[in-house]
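Commentary on secondary and tertiary structure
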Amino acid sequence: CEKVIDLYPQSNLNTGTYYSTVDEVRAGLTGAYNGMQAPLATEWQLTELRSDNSKQGVPASSSSTNRDLSDLDMFLPATIHTGIYTYWLTTYNNIRNANIVLQRLGVVYDPSAGTLSLQNIDIAISDTDRKQLAGEALFIRSHHYFNLVRLFGGVFLVHTPISAQEAKSINRSSPVDMYKLIEADLKTATTYLSPAKFAQITGANIGRANQWAAKALLGKVYLTLNRKAEAATLLQDVVSNSGYGLQASYASVFSISNEMNSEILFTVRHKAGGLGLGSSFGNSFAALNSGSTIINGSGQGLNTPTTDLNALFNANPKDARKATNIATFGTGTAARLYVPKYLSPVVLSNDGESDWPVIRFADVLLLLAEAQGFTPESIALINLVRARAGLTALPSTVNSVATFEQALAEERRLELAFENHRFFDLLRYNTTLTTIKAVDVLKDHFAAEYASHYAQYPAPILTLPQLQANVTADKLLLPIPQREIDTNPSLTIAQNTGY
Amino acid sequence: QDRKVSGKVTDQKGDAMPGVNVASKGTTRGTSTNAEGMFELSGLSDDATLVFSFIGYKPVEISVGSKSALDVVMDEENQNLNEVVVVGYGTQKKGDITGAVVKYKNESLDEAPVARIDQALQGKIAGVQIQNTSSEAGSDPKIRIRGVGSVNAGANPLVVVDGHPVADGLAFVNTADVESVEVLKDAASAAIYGSRGASGVILITTKSGKSEKTKYNVKYSQGVKSAYSRYDILSTSAYVERLFDEAAIRATDPAITAANNTVISADRAAYILEKEIIGGETDWQSQALRTANVRNVQLNVSGGTRDTRYYISGGYQNDQGIMYHSEYEKFNVQTKLNMNLGKRVKLNINLSPSFIKRERPGIEFNDFARWRSFHPVYLNETSAAFVRQNPLYADVQAGDYAQARYFANRTYSGLMPDGSTWSSGTSVVDPFATSNQQPKSVLESRNYATNDYRVLSSGDLTINLLPGLDFKTLASAYVNVTNGLDYTKRNSARAGDVNRGVYNNNLFVDLLSENTLNYTRDFNKHSFGVLAGYTAQVTTISQARTTGLDYPSDNITTLNTALSIDRENTYTTKNKIGLLSYLGRVNYSYSGKYLLAASFRVDGSSYFAPGNKWGYFPSASVGWIVSEESFMKSVNWLTTLKLRGSYGVTGNNRIVDFAFVDLLYNANYPLGAGTGTVASGQVPSKEILSNANITWERTFQYNGGLDVALFRNAVSFALDVYQSQTDQLLLRQATQAFTGVPQTWNNIGSLQNRGIEFELTTNNVRRSNFEWRTSANISRNTNKILALGSESQLLNQGERTELYLNQVGGPLVQFMGYKTDGVWLSQNQIAESKLTSALSNVFVPGGLKLVDINNDGKLDINDRTVIGNPYPDFIWGLTNNFKVKGFDLSFMLQGSQGGQVINGDPNYNEIKRTNANFNTTDKWLSPLNPGNGKTPYYTSGFNWMLTDYVVEDASYQSLREVIVGYTLPKQLLKRMRMGSVRFYANAQNLLFLTAKGYRGLNPEAASSSGVYNTPLVDGYQRGSYPINKSFRLGVDVSF
């Protein structure tokens, strides 16, 4: 009789019994790689759109999608902004996936000491495997937290899978504590992960986080914390010893027939073909009202390049990077800018092949230059990147800290356009550089686009001073989603200043 | 041939009965008694038989013979007490019932102007709220018995069809085959259904044959349906003209800068398109809506001998929705056999297959209402020529669907409403910036059809073991095979979209075994009934989906031609759910006056983890029929007085399968060289966290009731009051998203429902040639959260970020947001208020003015407050039936008073602009022209969705149904050799009055999907279908 009610799911595995062998833990880790795709869908809204690189494409649009984007772009996001919440949720969802893997592998974080340790586990696994899997999960977790802390400031530090009840007693951590975890994760990852050089990485290991990706990311973390010496050491190690290097042509870095090339230290991979693993950016970024001219299923004209960035590319007609980053739909006065960088032919809308690079070699070169400051070595690093883009070396007028910083920032902006770096770069320049201040850059950006874009909104239109007044140091941080505060009545959770 | 008879008619108490119908059988001669109960009838033949009839009394037939004086005593039928009522696992006399059970006999339900039985019941039973949340053909209405008894996703009542609990019973039961509908409202009567009874139980009993000559019945009806009302949408030119008028007014106000007083080029270009290039306005709502046809054919044969009785029926119903491609077709067959196999054994067999074909529109009505009028449906020669000027569209032809992109990225010049000429110069304009295809082409390029094949088959055998002791064993199977194809043609939603066919094949098999022992014994004045039983129910649900992509032609849609398979949307799943139960019930009555009943059920369910599987559900109830007491016999006006009281425990287990474990889902990832090879990945659910301790939700309910009949049943009423408390609420609770998952399952807190229900029937006139009966019901339910575990409140966000509050001490759901006090009139007024705020867009002249609730000088989240709730104060129905000779008329008024909705339409800025309900002429234009000071300028200020500006009164009063009929006289039928012939006409929603300030099309509509589809998020609507208005004619013949 009891058989009638003694039933278990027949179509799904469950956490009660799964993750008990190496292969099962590995499947969990694969799930965490998959989970890196979801936050990307909104990441550009919080980074590129809020920088001087892009804007939503249709000022007169009344669609709520475009209005929401405008709010972000104009530094007016409500605390209930859907895009912010979606990014937050999908990021934390994948942190959970990584935490499950780490928990099964017995990797425990001690928040007060800021250290990780290995506990005994009952899974039969070799030490190498255990460390490799753990290192990859740590890389994924730190990648997410690094983004969160830069976008939101101190967030909720979750380092193990938690229940809804446990969450009620967790309040926000300080940025210092966040960076403590990020540093511990990445430092540990650099020791756990395989030291194989680019050419030695083969088979299914291609695409996984490796030691060089972890070092590069940690270098960036150090640089963000203005620990330039530590950053330089790590980045130099990557440049000299990783086996990674620049591709001959800029376009081939992003070509779908040249995936996982020598420049890609880490990328979030996508795969077309109705597998549910495709990239949506081809459709999201292609020009609005373009029918099937650019891509099947039409474009939506989101993440539209600013005229300012376009002008910067046009300033040097030899710059080979323009074609990859900015294309036009229509001709003459009807020409309309869009981002073709992630465009690959699709059968099904939002099912593109293009990967989304997270760290690539050119980025590392420029970060190293930033860490070293105004030195001939740094100029040489920038020139490496310029040469590949078909440009001549920096002119001799780059002869001071100020001109160097300008040249470096401009090079990064062009080289890494639409890869979600610009906003984070601006934030970092506040500390690493002396002559560039994020708030000023953004105010100038509003001025540059005002007549052609912001003045075209339906009434009431903000005047330029009103618009510029929105950009304050406080507003560089996003609001914590209101839902997180509302859902916990037992703790007082502080909202970021200015919201 | 000329006999005369006179006499007096009295009731059992000896009182004279006026108005009794006296007829000579087989002739047209007849009369009725006068005020003293006297009658006189002449012209009778020698063998005349007189028939005395009076509603509520047993008819009396007396052959006159040689008598000339005839005194007659009539007995009360006492239908109030002797009527048989179906209850869980058996039947009872109405007089013996001690719980709150309502029986609704199918007298004219099948003539109601609706397609489904649940819709036909709307407004007819006190305490049962039936809400047509969508006007789509064949869609499920929302049914709540005594309010929301549960907080989890399953607050629908349990539906039991001929003894078999069937989740979707109301969807396929054929109204014409229904004998009666019983609703078990209180916990005492529902407790016998244990873990599934908490939201009430609806018992459907289908018709059976009787021991009589074979009878044939044919019914046919046909009619039309259309939208009761539509949105008042401004055409593009009317809208732009209004913009120009407004700009002229605003220009006179120095507070409005020139930069803020321009009509944007997109609107100017749209105006030129409508006026000069297209030369006409498209009414997009008409492109969605139609006058729909409805048809219903029913045939049945019934009859039998004493030992074998049969009822066989067939029906076909075709119900078109008012939106194109909304269609519902139903074929039903029912075969029922009741046999006596010898003296001690009875066998019943019931087989009812049905086939439902349903087509749904592939796009929402709202998408039509939002589309702009300058945009034509098809291109004509002129507009095609215009479009072809853009080399991108050089090959478009007249007759092609027009698309927004054809008019985009172009320069425009032409006349403006103010007579000026405008040109966009060299800059290009998008009159309508969207990447979506226009709605009509989307509607026509998607075919979304499902077929439901259902069979409910059961057999039961009753063996009389000893005198009074019966053993009954029932085996029944409910099988539902659903297959559907959702086929989208090439270029459907967006240009370049590949064609796609999604094949769904679902199999639902529910097997039930039920074994009961029933013992009844009467001795002296004692009467006993004992029931004991054991049931087991196993449900297997298998789903298969295959999605084909890239078909070479839209004409061949079978999978064999598809170029590829969408792996993500191709899968099968299978799950099994089990329920094991023991049940028992005792009924005792003494002297037919004192009644006692108790029941008990034990349920074991696979929904819960080991250790939490079993639940216990007892109930007890008492009754006292006061009118049977000897001291009441002398109270002539009181026919029946019965008092009832009950207490019971019911449960609710309807959560998702296996909420006690975290299920894993595929999350694969490409690794390796080139474009990678897909590696298998697994992650837990992204939507909900499990809870290993999840267990039963239990509802404890008290019910007190009163049944009264007065003046020989001229007036009867029932009054019930109840209070229930639901504990361990199964809650799909919002969690903080940093857990990684936005919701979790939980059992917390408790919820109280209290209510009062009143049902009244009056026989206002009961003469032989004129009858008038009124039935009315009204009910009120209030609910209150008593506890929410350790918390005082929960907040849930809806799909447009509007907020729902669940707060201890308050009703289950309240709308939460900012109160507004009109609009900010000017910058000065803002400055004078001295308010500060970090919220976005709060201080904009012409925008909504938020109220600083806590008076701290700061507008922030602490100023959010309760701004409404979705619960009506009361719901009511009123039916009047008239019969004059062969004619009859019934009409039902029905309504709901006091509930509110959040109208989500203004979330769409297109609607804010062109829907005249939102873009009114008395809106704020400038500080000097503030309109009524209440209506915001539509692009200005704070998000409406977070304020009380979108909270609207959902009260309504409707003339829900009208039925007019004519039954041919018996004499004529006799000559025609027919049993009965009846013609009727019916209408639905001839009148539907909504509250002032309601700006939508259907106050009953509700739309929330996905994670927002929880009882904690209630009362939200957007883009609702219009209400249906229908009219049909029918004929009903039996012979």
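Predicted model, so just to flag it, every value in this text is computed and none were measured. (Residues numbered from 1 in each chain as written. Chains lettered and ligands numbered in written order. Predicted model: local features only at pLDDT ≥ 70, side-chain atom pairs only at ≥ 80, totals over all residues. Heavy atoms only, no water.)

1. Quick word on the overall build of chain A
Along chain A, the regular secondary structure elements total 20 helices and eight strands. For chain A, the residues scored as buried account for 64% of the 499 residues in total. Across chain A, contacts joining residues at least 24 apart in sequence account for 70% of those joining residues at least 6 apart. For chain A, the accessible area works out to roughly 16200 Å², and carbon and sulfur atoms hold 55% of it. The distance from the centre of the 39 positive side-chain charges to the centre of the 43 negative ones in chain A is 2 Å. (Helix = DSSP H or I, 4+ residues; strand = E, 2+ residues; numbered from the N terminus. Buried < 20%, exposed > 50% of the residue type's maximum accessible area, 1.4 Å probe, protein only. Contact = heavy atoms within 4.5 Å. Areas by Shrake-Rupley, 256 points an atom, 1.4 Å probe, with all protein chains shown as cover. Lys, Arg positive; Asp, Glu negative; His and termini not counted. Charge placed at Lys NZ, Arg CZ, Asp CG, Glu CD.)

2. Overview of unusual backbone geometry
Its identity as a non-glycine residue notwithstanding, F418 of chain A has a phi of 60°, on the positive side. Relative to the helices and strands, F418 of chain A resides in the loop between α16 (401-415) and α17 (422-432). The exposure class assigned to F418 of chain A is buried, which follows from its relative accessible area of 0%. Positioned with a positive phi, N855 of chain B is a non-glycine residue whose angle comes to about 55°. Along the chain, N855 of chain B falls in the loop between β49 (848-850) and β50 (858-859). We classify N855 of chain B as exposed; its relative accessible area is 67%.

3. Considering the packing of helix α14 (residues 361-372) of chain A against helix α15 (residues 376-388) of chain A
Residue and element names in this part refer to chain A. As a packed pair, α14 and α15 sit with axes 8 Å apart at the nearest point and diverge in direction by 155°. Overall, the two elements α14 and α15 adopt an arrangement that is roughly antiparallel. Relative to α15, the crossing made by α14 is left-handed. Across from A362, L365, L366, L368, A369 and Q372 in α14, the residues of α15 making contact are E377, S378, L381, I382, L384, V385 and R388. In terms of residue class, the contact of α14 with α15 is built from nine nonpolar, two polar and two charged. (Axes fitted to C-alpha atoms, helices over the stretch in contact; angles between N-to-C directions. Parallel < 35°, antiparallel > 145°, perpendicular 65-115°, else oblique. Left-handed = near helix turned anticlockwise from the far one by under 90°. Nonpolar A, V, L, I, M, F, W, Y, C, P; charged D, E, K, R; others polar.)

4. A look at the domain arrangement of chain A
Residues and elements named next belong to chain A. Along its sequence, chain A is organised into domain 1 (17-193 + 462-499) and domain 2 (281-338). Taking only C-alpha atoms, the centre of domain 1 and the centre of domain 2 are 30 Å apart. Taken together, the contact between domain 1 and domain 2 spans 13 residues of the former and 12 residues of the latter. Of the roughly 990 Å² buried between domain 1 and domain 2, counting both surfaces, carbon and sulfur atoms make up 63%. (Domains from an automatic or database assignment. Buried area = accessible area lost by both parts, 1.4 Å probe.)

5. Remarks on empty space enclosed by the protein
Evaluation of the coordinates by the stated rule reveals 16 cavities of 30 Å³ or more. Volume-wise, the largest cavity comes out at about 550 Å³. Together, 42 residues line the largest cavity, and Q129, Q131, P870, P872 and I875 of chain B are the ones closest to its centre. Of all the secondary structure elements, the ones that give two or more residues to the lining of the largest cavity are β11 (128-131), β12 (142-145), β43 (770-787), β52 (874-884), β53 (887-897) and β54 (900-903) of chain B. In terms of residue count, the dominant contributor to the lining of the largest cavity is β43 of chain B (five residues). Lining the second largest cavity are 21 residues, with P458 and A459 of chain A together with L243, Y937 and Y938 of chain B positioned closest to its centre. (1 Å grid on protein atoms, 1.4 Å probe; cavity = no way out; pocket = protein on both sides within 12 Å on 5 of 7 lines; lining within 4 Å. Points joined across faces, edges and corners; volume = space filled by probe spheres on them.)

6. Section: the packing of helix α8 (residues 211-224) of chain A against helix α9 (residues 228-241) of chain A
Residue and element names in this part refer to chain A. α9 packs onto α8 with a crossing angle of 155° between their chain directions and a minimal axis gap of 8 Å. When the axes of α8 and α9 are compared, the pair comes out roughly antiparallel. Considering the relative orientation of α8 and α9, their crossing is left-handed. Facing W212, K215, A216, L218, G219, Y222 and L223 of α8, the residues of α9 in contact are K228, E230, A231, L234, L235, D237, V238 and N241. Split by residue class, the contact of α8 with α9 holds nine nonpolar, two polar and four charged.

7. A short note on the domain arrangement of chain B
We note that the domain assignment places domain 1 (3-77) and domain 2 (236-280 + 376-431) within chain B. Placing the centre of domain 1 of chain B and that of domain 2 of chain B at their C-alpha centroids yields a distance of 83 Å.

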